[in-house]
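# Report on the structure
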Amino acid sequence: MKRLNYIKYPSALDILKWRHFTLACTAGMVLTSLAGWAGFPWKLYNDIPSLIGYTSLALIVYKINVGWLNRFFSYTNRFSYEWYLVHFLVFWIVMHFTAGHLSIIVEMALCLTLSYAVAFWYGKMWNRKK
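A short tour of the structure in this document, coming up. (Residues numbered from 1 in each chain as written. Predicted model: local features only at pLDDT ≥ 70, side-chain atom pairs only at ≥ 80, totals over all residues. Heavy atoms only, no water.)

### A few points about the overall build of the protein
Tallying secondary structure elements over the protein gives six helices and zero strands in all. The helix and strand sequence of the protein, counted from the amino end, reads α-α-α-α-α-α. Split into buried and exposed, the 130 residues of the protein put 25% on the buried side. Long-range contacts, defined as pairs at least 24 residues apart, comprise 61% of the intrachain contacts of the protein with a sequence gap of at least 6. Surface accessibility of the protein: about 10,500 Å² in total, with carbon and sulfur atoms responsible for 70%. (Helix = DSSP H or I, 4+ residues; strand = E, 2+ residues; numbered from the N terminus. Buried < 20%, exposed > 50% of the residue type's maximum accessible area, 1.4 Å probe, protein only. Contact = heavy atoms within 4.5 Å. Areas by Shrake-Rupley, 256 points an atom, 1.4 Å probe, with all protein chains shown as cover.)

### Points about the environment of Ala 35
Locating Ala 35 in the fold gives a position in helix α1 (residues 18-38). Judged by relative accessible area, Ala 35 falls into the buried class, the value being 8%. Measuring from C-alpha to C-alpha, the distance between Ala 35 and Pro 49 comes to 9.4 Å, with 14 residues separating the pair along the chain. Excluding residues that lie within four positions of it along the chain, Ala 35 makes contacts with Trp 42, Lys 43 and Asn 46.

### A look at the packing of helix α5 (residues 80-97) against helix α6 (residues 104-128)
Relative orientation of the contacting elements α5 and α6 amounts to 135 degrees, with a least axis distance of 8 Å. Taken together, the axes of α5 and α6 lie oblique to each other. Our pair here, α5 against α6, has a crossing hand that is right-handed. When its residues are assigned to classes, the contact of α5 with α6 shows 17 nonpolar, three polar and two charged. (Axes fitted to C-alpha atoms, helices over the stretch in contact; angles between N-to-C directions. Parallel < 35°, antiparallel > 145°, perpendicular 65-115°, else oblique. Left-handed = near helix turned anticlockwise from the far one by under 90°. Nonpolar A, V, L, I, M, F, W, Y, C, P; charged D, E, K, R; others polar.)

### Some remarks on α1
When the terminal C-alpha atoms of α1 are compared, their 30 Å separation across 21 residues agrees well with the 30 Å that a helix rising 1.5 Å per residue should span. Along α1, the residues classified as buried are Phe 21, Cys 25, Gly 28, Thr 32 and Ala 35. End-on, the buried residues of α1 take up no more than an arc of 110 degrees, which puts them together on one face. With respect to the buried face of α1, the exposed residues turned more than 90 degrees away are Arg 19, Leu 23 and Trp 37. Its buried side turned inward, α1 meets α2 (40-43) and α3 (47-64). Remark: Gly 39 follows α1 within two positions and exhibits a positive phi of approximately 105 degrees. (Expected span 1.5 Å × (residues − 1). Arc of directions from axis to C-beta.)

### Structural notes on the packing of α1 against α3
Between α1 and α3, the shortest axis-to-axis distance is 7 Å and the interhelical angle comes to 145 degrees. When the axes of α1 and α3 are compared, the crossing they make is left-handed. Here Trp 18, Phe 21, Thr 22, Ala 24, Cys 25, Gly 28, Met 29, Leu 31 and Thr 32 of α1 come into contact with α3, specifically with Pro 49, Ser 50, Ile 52, Gly 53, Tyr 54, Ser 56, Leu 57, Leu 59, Ile 60, Lys 63 and Ile 64. Per-class residue counts for the contact of α1 with α3 are 13 nonpolar, six polar and one charged.

### Re α6
With 25 residues, α6 should reach 36 Å at 1.5 Å per residue; the first-to-last C-alpha distance of 36 Å fits that figure. Turning to α6, its buried residues are Glu 107, Cys 111, Ser 115, Tyr 116, Ala 119 and Gly 123. At its buried positions, α6 is contacted by α4 (67-76) and α5.

That's the geometry; what it means functionally is another story.
Below you can see the structure in the form of structure tokens.
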């Protein structure tokens, strides 16, 4: 099976047009948000819309072809699983200690920055033990 290299052949993503990616991204994000807002039974089924939404978002970012942004996403991919594992704990701790003391924008920026740093550290620690 021949593997297609998207870096050498970026036109391979031209099969789908921008409107398809943006429509899939919007639909996936909206369905994920609604499932999270609706609560327990629907929250169990948000994986497929999340997959579609975030994959479409990643393809949109790739198609924009901004070098530093693509490098950032490629670098973050090295410890994205660790970020997935620690993000909820870090968010919960930050929101617990800053409840009502910071604006929501500052709180979310702090959550994202700290969870990114903790995931990076956790990835380094985990990979060192292998």
